[in-house]
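Per-entry structural report
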Amino acid sequence: MTRHNLSLRAVLFAGASTLAAAAASTAPAQDDGAQAAGGLDTIIVTTQKREENQQEIPISVETLSAERFASIQAAGDDILALAARVPSLYAESSNGRLAPRFYIRGLGNVDFDVAASQPVSIVMDDVVQENVVLKSAPLFDIDQVEVSRGPQGTLFGRNTPAGVVKFVTAKPTQEFSYNAQFAYGSLDTITAQGGVGGPLIEDVLAIRVSGLYQRRGDWVDNGFTGEDDVIGGFREAAGRVQLLYTPTENFSLLANVHGRNYRGTSALFRANILTSGSNELNANFDRDTVFYDGGANNPQDATGIGGSVKIDWDWGPVVVTSITGYEDASSFSLGDIDGGVITPGLSASVPPGLTSGLTDTSFPADGIVDSTTFPGFIPFAAETQDSVDDLEQFTQELRIASDGSGPFNWVAGFYYFDTSFDVETFGPGFPPLTVVNHGNDSWALFGQLSYDVTDRLNITGGVRYTEDERTLDATPPPFVTVNPTSVEDEDFSWDVSGLYQLTDGLNVYARVARGYRGPTIQGRDIAFAAFSGAVDPQTIATSETILSYEAGFKSEFLDNRARLNATGYYYTVDDQQFSIIGGLTNSNQVINADEGVGWGFEVDAEALLTDNFYVAAGFSYNNTEINDPDLATAPCGSGQCTVLDPLNGLGQALIDGNPFPNAPEITFNVFAEYTHPWGDKGELFANTDWAIQGETNFFLYESAEFNSSGNTEGGLRIGYRTADGHVEGAFFARNILDAENLKGGIDFNNLTGFVNEPRIVGFQLSLRN
């Protein structure tokens, strides 16, 4: 295991300084914010709650355009398609298309429970999506994706110590506009999405209506039941209506109503597709077949409706903004968690090519082996049903800001957050029905000041005070006692940064930020403590705080045909929250580690190499380490995996020095497009995109089996677009190599794993004005 050290950090920042010097030597003089003919587009972001040039803010931020994002989605992909598409950003899920988990610079949370808190905030049209069910909301008619790396607590609040992923949808305007994509691909995959809008009353009222329909046919066989093409499909329908009311030049009201209806398949867990001592997929793995004797072929569904109202009122020297949001959602998932079959008898038929095992299925165990299992040895059956009911979230932000006309600018505001929901857990055999109610209330005051000391130097600082309370109550299973539980905390988050313009094409910056993740309660173990006589099996983790240092540069050169940005960072997390998932005890608990440390760098680059050839690439290196000599966790169940950590006297793995779970050491992505004129009315084009994920450990402990390294996926599009860009048709392929990448594991029962999406090839038609 690799430990951080001062010499490596010195190399990191020396390298960033060298790159900055190199960029300075090639950066030509150009007007501030100007764009040379045939050069790269200026990218406008709202990371600091106002529209700014991405190159002129002291924050590490990267974006994906509407066109890039739509092409990634052509094969019906959901929000997880963002994984490794932006340096330092990773995403995964063990719950199908619901409950995505995000990681930035290695910070995230592997907890699969729908009540889990996350250190990466997802913001949709200025409204935070706190619960993981809300985070899974479908994405369509997107104008831009913004990824802000590092703590964003001053302006975005608690639970942002890792960063923020912000989605900006296309808004109503006073000009008629439309944007639509339709794609059809293999496995009966359909993606149809877009939006249309324009004026209802000239200069007063505008509308935009957006929609999405995605589906994939069932394509996976159940080899145990003999059913063909019964698992793996999904159907998602979603819509959004926005009205923009502008009765005067100084007042605007944007109303947003949206909803979704999803039905599909939860994660496909596959028993014993790993062999002891190796993380390579073995002969038990067949992408097109699973072997399930439970789970009813793993159904899953979700519904949701919500809305928001944003008011901007320009009073001359100040602008007042109010954002009110409301979300209501529910979800359901049922799964065969052990991923295989337990059938009575010692000579039961086992499908050809599969390994098998023998087990004792009596409860309690009587020591008599009576059943055959496959694929491989499965000690016991595991089938679980979870649902989220009555999920409601209300948010209110009120802020006042300067008009941005002078060297001194500021913003101040108030924020309120409230949510509650029930989590129901049930297993056909075990556990009995359990209902856990979660509540969370939080409020905050915040402010930020920015001052142009000179024409080239800007200093920014901000602070936020937050009070946060979480509650838990339950209707427990038999012989379990749960007392109402609450935890609360208050905290100050802050940041200080400086940006200096070395030349007209090169800015350097440094930033120090303190972030905060509120206390959390995990009640998952309440259900699985049934009949044990346990009292308050829920677990609590206190607040974690992060102190982050970063420095970098942002450059444009070659007559604005190239852009190179880089950032180096180092952070420490006190009382870092982790989730103990599975293991020999099959638990789901939250804990605090003494300290977590992370350091690394990210590079974002793009260039218009010729008028017909564009390339963009990104790279990140993230080194993370748990620092807690006494922290231990139960390793994998059934003794099938190879634990690489030392064990304490209780047989638990000591995890001091281990990397954070699901924290890729490196990520690399590249996009390239070449165009060739075809007559005077259009052009042929070909583009390709690739993402590589480096070494990633799945759990808190390290083992030979539960990790991945070198996961690679690529895409290709070849087509034609008109000269005005209004019509585009392309053949596409996603996961073009049909790579079979291990994405995660289940360790309490057997060597279970789950993998990425299959290759999809098809045709995509895009229309826009």
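Refer to the preceding data block for the structure.
First, a word on what this report is: a plain description of the structure on this page.

Definitions and limits used
- Residues numbered from 1 in each chain as written.
- Predicted model: local features only at pLDDT ≥ 70, side-chain atom pairs only at ≥ 80, totals over all residues.
- Heavy atoms only, no water.
- Salt bridge = Lys/Arg side-chain N within 4 Å of Asp/Glu carboxyl O.
- Helix = DSSP H or I, 4+ residues; strand = E, 2+ residues; numbered from the N terminus.
- Buried < 20%, exposed > 50% of the residue type's maximum accessible area, 1.4 Å probe, protein only.
- Pairing = 2+ DSSP bridges.
- Disulfide = S-S within 2.5 Å.
- Phe/Tyr/Trp six-rings, centres within 6.5 Å; stacked < 30°, edge-to-face > 60°.
- Lys NZ or Arg CZ within 6 Å of the ring centre and 35° of its normal.

1. Observations regarding the pattern of salt bridges
- Applying the stated criterion across every chain, the model contains 33 salt bridges.
- Between Asp-126 and Lys-166 there is a salt bridge, with the nearest N and O atoms lying 3.3 Å from each other. On the criterion of sequence distance, the pair formed by Asp-126 in the loop between β6 (120-124) and β7 (127-128) and Lys-166 in strand β9 (residues 163-169) is long-range, its members being 40 residues apart.
- Judged by its relative accessible area of 24%, Asp-126 is partly exposed.
- You can call Lys-166 buried: its relative accessible area is 6%.
- In this structure, the salt-bridge partner of Arg-215 is Asp-188, at a minimum N-O distance of 2.9 Å. Here Arg-215 is found in strand β12 (residues 205-216), whereas its partner Asp-188 is found in the loop between β10 (177-185) and β11 (189-201), with 27 residues between them in sequence.
- The structure contains a network of salt bridges with shared partners spanning Arg-105, Arg-149, Glu-550, Glu-602 and Asp-604.

2. A closer look at the sheet that holds strand β14 (residues 227-231)
- Reading across from one edge, β14-β13-β17 is the order of the three strands in this open sheet, with mixed pairing throughout. Each of the sheet's edge strands pairs with one partner strand only, and the pair in question is β14 and β17 (289-290).
- In terms of strand pairing, strand β13 (residues 220-222) meets β17 through two bridges, oriented parallel. Counted as the bridge partner of Asn-222 is Val-290 from β17.

3. Brief notes about the state of the cysteines
- Summed over the entire model, instances satisfying the criterion amount to one disulfide.
- Note that Cys-636 is cross-linked by a disulfide to Cys-641, the S-S spacing being 1.8 Å. Its S-S torsion of approximately -90 degrees makes the covalent link between Cys-636 and Cys-641 left-handed.
- On the basis of relative accessibility, which here comes to 8%, the residue Cys-636 falls in the buried class.
- Its relative accessible area of 10% is what places Cys-641 among the buried residues.

4. Section: the packing of aromatic side chains
- Within this structure, the stated rule accounts for 26 aromatic pairs.
- With a centroid separation of 6.5 Å and 55 degrees between ring planes, the pair formed by Phe-224 and Phe-374 is classed as tilted. Placement of the pair is Phe-224 in the loop between β13 and β14 and Phe-374 in strand β22 (residues 371-374), with a sequence separation of 150 residues.
- What makes Phe-224 partly exposed here is its relative accessible area of 37%.
- Relative to Trp-315, the ring of Trp-313 lies with its centre 5.2 Å away and its plane at 80 degrees, an arrangement referred to as edge-to-face.
- Exposure remark for Trp-313: the relative accessible area of 42% places this residue in the partly exposed category.
- Of the residues examined, Trp-315 reaches a relative accessible area of 52% and is grouped as exposed.
- Connected via pairs of aromatic rings, a cluster forms that spans Trp-599, Phe-601, Phe-619 and Tyr-621.
- Here the guanidinium or amino end of Arg-105 rests over the ring plane of Tyr-569, the centre of that ring lying 4.3 Å away.
- Above the ring of Phe-417, the side-chain terminus of Arg-158 is found at 4.7 Å from the ring centroid.

5. Brief notes about the pairing of strand β8 (residues 142-149)
- Burial of β8 is extensive: seven of the eight residues sit out of reach of the surface.
- As paired strands, strand β3 (residues 60-65) and β8 are joined by six bridges and run antiparallel to one another. Looking across to β8, one finds that Ser-65 is bridged to Gln-144.
- With seven bridges joining them, β8 and β9 adopt antiparallel strand pairing. Looking at β9, one finds that Glu-146 is bridged to Lys-166.

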